[in-house]
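# Close look at the chain arrangement
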Amino acid sequence: MTRMDNDTPQGPQTDAATRTGATITEIIPGPAATLTVSDNVSASQTTAPAPVSADVTASAAGVQPSGAMQTVMIGTSVQTGEPVMAEVPAFTAAGERSEPLLSVRNLQKHFPIKGGFFGRTVGSVKAVDGVDFDLFRGEVVGLVGESGSGKTTVGRTLLRLVEPTGGDVIFKGQDVVKMNKRQLREVRRDMQIIFQDPFASLDPRMTVEEVIGEALDIHKLHQGAERKPRVAELLQRVGIRPEQMVRYPHEFSGGQRQRIGIARALAVSPDFIVADEPVSALDVSIQAQVVNLLQDLQQELGLTVLFIAHDLLVVEYICDRIIVMYLGKIMEIAPSHQLNNDPQHPYTEALLSAAPVPDPTIKRQRIILEGDIPSPINPPSGCVFRTRCRYAIPQCAEVVPALREVKPGQFKACIRDDIL
Ligand SMILES: Nc1ncnc2c1ncn2[C@@H]1O[C@H](COP(=O)(O)OP(=O)(O)OP(=O)(O)O)[C@@H](O)[C@H]1O
Ligand code: SF4
Ligand SMILES: [Mg+2]
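All figures in this text were calculated on a predicted structure; none of them were measured in a lab.

### Description of the confidence of the model for the protein chain
Mean pLDDT for the protein chain: 83, with 83% of residues reaching 70 or above. A low-confidence stretch, residues 36-63 (pLDDT under 50), is modelled with 76 contacts involving residues beyond four sequence positions or located in other chains.

Right, dumping it as structure tokens:
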């Protein structure tokens, strides 16, 4: 995982920025990080009031203590857009990895809300609001979060099944967001999606042969005499008898239909697949079979997969890394075992506390998240999780946390390093 770019817009320095700095340093409680507001991300040019409350302990921050401290940008001021700096314990960053297959930068999708007599835009649903992550070739990355957090919108926006409002999706070095129709058609051969509801995603008027054949036809692959054998091969690979290709989707069970959906996605030999809750509409008894099938195919074909799910257990089982979303933003990214054993973000901690633990000897304290997820039409200022966070301090309303690396390969969007 490469370090995220801090490309947050930086507004001009004003008196308000200095005031914000003063306010911030005043309201920080004892054991928090040292916070200042600066007009430049560079630590050496910090111009805000002198730091206060510097008694952060490395152990409190959950970072291997090396004794050294570093000044980093932990977010941006709500009032001024200026970077907010903090002194935090230093650690060795994860080593650089190879070029990502997919890089998502500042991705946004705001659905307009129409209203009034003239049907004017009166607001927007901030379904995805500034999301950054990288996917590396051959890895399976889970995308989790409560219902409505924006997971499906991220997945669909990557393929431009939903048009993004802003940001970049760099796939194999090219920006999908800037592609014209022809380029988009070409790139979609390499990027496929498996939908949650296998019944809704398969045309009931088409036979299975037609459903899979259509995917081949769009990209002019395996045409003529090659078409039928290719459909048969794909069906066999996903555990459906090839002679059943003459049947219609309603003649199959839910699990079989999802296998057909997988075969259709694989028909064009993609490199990257978005699997949007591929098993959550299925009976529990067959979920494991479909998950195992996906895992086998991923390893056999070297696929890169973004696996969207609610179930943290399933995600930990099959994913190399996990991205945690809340209200259109990323809260944490970490390798799966690290996220499960040592979450760094309060939201991840709460999600994990509610998830069943496979080992009955391990007891987790249940953290009840009070209230519903706020409306994405009018999300809370500063940290969007603050209205439900048990560690929230007044400053959380004033600073939009940056997603920053707090342990090797582990990123969180939270301004506090003295918790967890
Ligand atoms: N076409 C749309 N028009 C307006 N709002 C939308 C549209 N699609 C999604 N939304 C809103 O965007 C937000 C994110 O929705 P999304 O479906 O991406 O969430 P999700 O994390 O996939 O949820 P779930 O776990 O329930 O599938 C929600 O508030 C949803 O109501
Ligand atoms: S509310 Fe504050 S403490 Fe809680 S996650 Fe957000 S920034 Fe961190
Ligand atoms: Mg969804």
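Read on, since the account is not over.
### Some remarks on the site of ligand 2
Near ligand 2 you find Pro346, Cys383, Phe385, Arg386, Cys389, Tyr391, Ala392, Cys396, Pro401, Cys414, Ile415 and Arg416, and these make up its full shell. For the shell around ligand 2, the class distribution of residues is 10 nonpolar, no polar and two charged.

### With respect to the site of ligand 1
Taken together, Phe111, Val125, Ala127, Gly145, Ser147, Gly148, Ser149, Gly150, Lys151, Thr152, Thr153 and Pro376 form the complete shell of residues around ligand 1. Counting only elements with at least two residues in the shell around ligand 1, the list comes to β5 (120-135) and α2 (151-158). If you tally residues by element for the shell around ligand 1, the top one is α2, at three residues. Residues of the shell around ligand 1, tallied by class, amount to four nonpolar, seven polar and one charged.

### Let's talk about the sheet that holds strand β15 (residues 404-407)
Here we have eight strands laid out as an open sheet, ordered β9-β10-β11-β6-β12-β13-β16-β15, and mixed in their pairing. Of all strands in the sheet, those bounded by a partner on one side alone are β9 (191-194) and β15. Geometrically, the sheet is characterised by an average inter-axis angle of 25° between neighbouring strands, direction not taken into account. In this sheet, strand β11 (residues 304-308) lies alongside strand β10 (residues 272-276) in parallel orientation, the contact comprising five bridges. Residue pairing in the sheet places Phe272 in a bridge with Thr304 of β11.

### Regarding the pairing of β9
The side chains of a regular strand alternate between both faces of the sheet. Side chains Met191 and Ile193 project from β9 onto one buried face, and the interleaved Gln192 and Ile194 project onto a second face that is buried too. As judged from the four bridges shared by β9 and β10, these two strands associate in the parallel manner. Bridge pairing in β10 links Met191 to Phe272.

What counts as what
Residues numbered from 1 in each chain as written. Chains lettered and ligands numbered in written order. Predicted model: local features only at pLDDT ≥ 70, side-chain atom pairs only at ≥ 80, totals over all residues. pLDDT = per-residue confidence, 0-100. Contact = placed C-beta atoms within 7 Å. Near = placed C-beta within 6 Å. Nonpolar A, V, L, I, M, F, W, Y, C, P; charged D, E, K, R; others polar. Helix = DSSP H or I, 4+ residues; strand = E, 2+ residues; numbered from the N terminus. Pairing = 2+ DSSP bridges. Axes fitted to C-alpha atoms, helices over the stretch in contact; angles between N-to-C directions. Buried ≥ 20, exposed ≤ 12 C-beta atoms within 10 Å, placed from the backbone.

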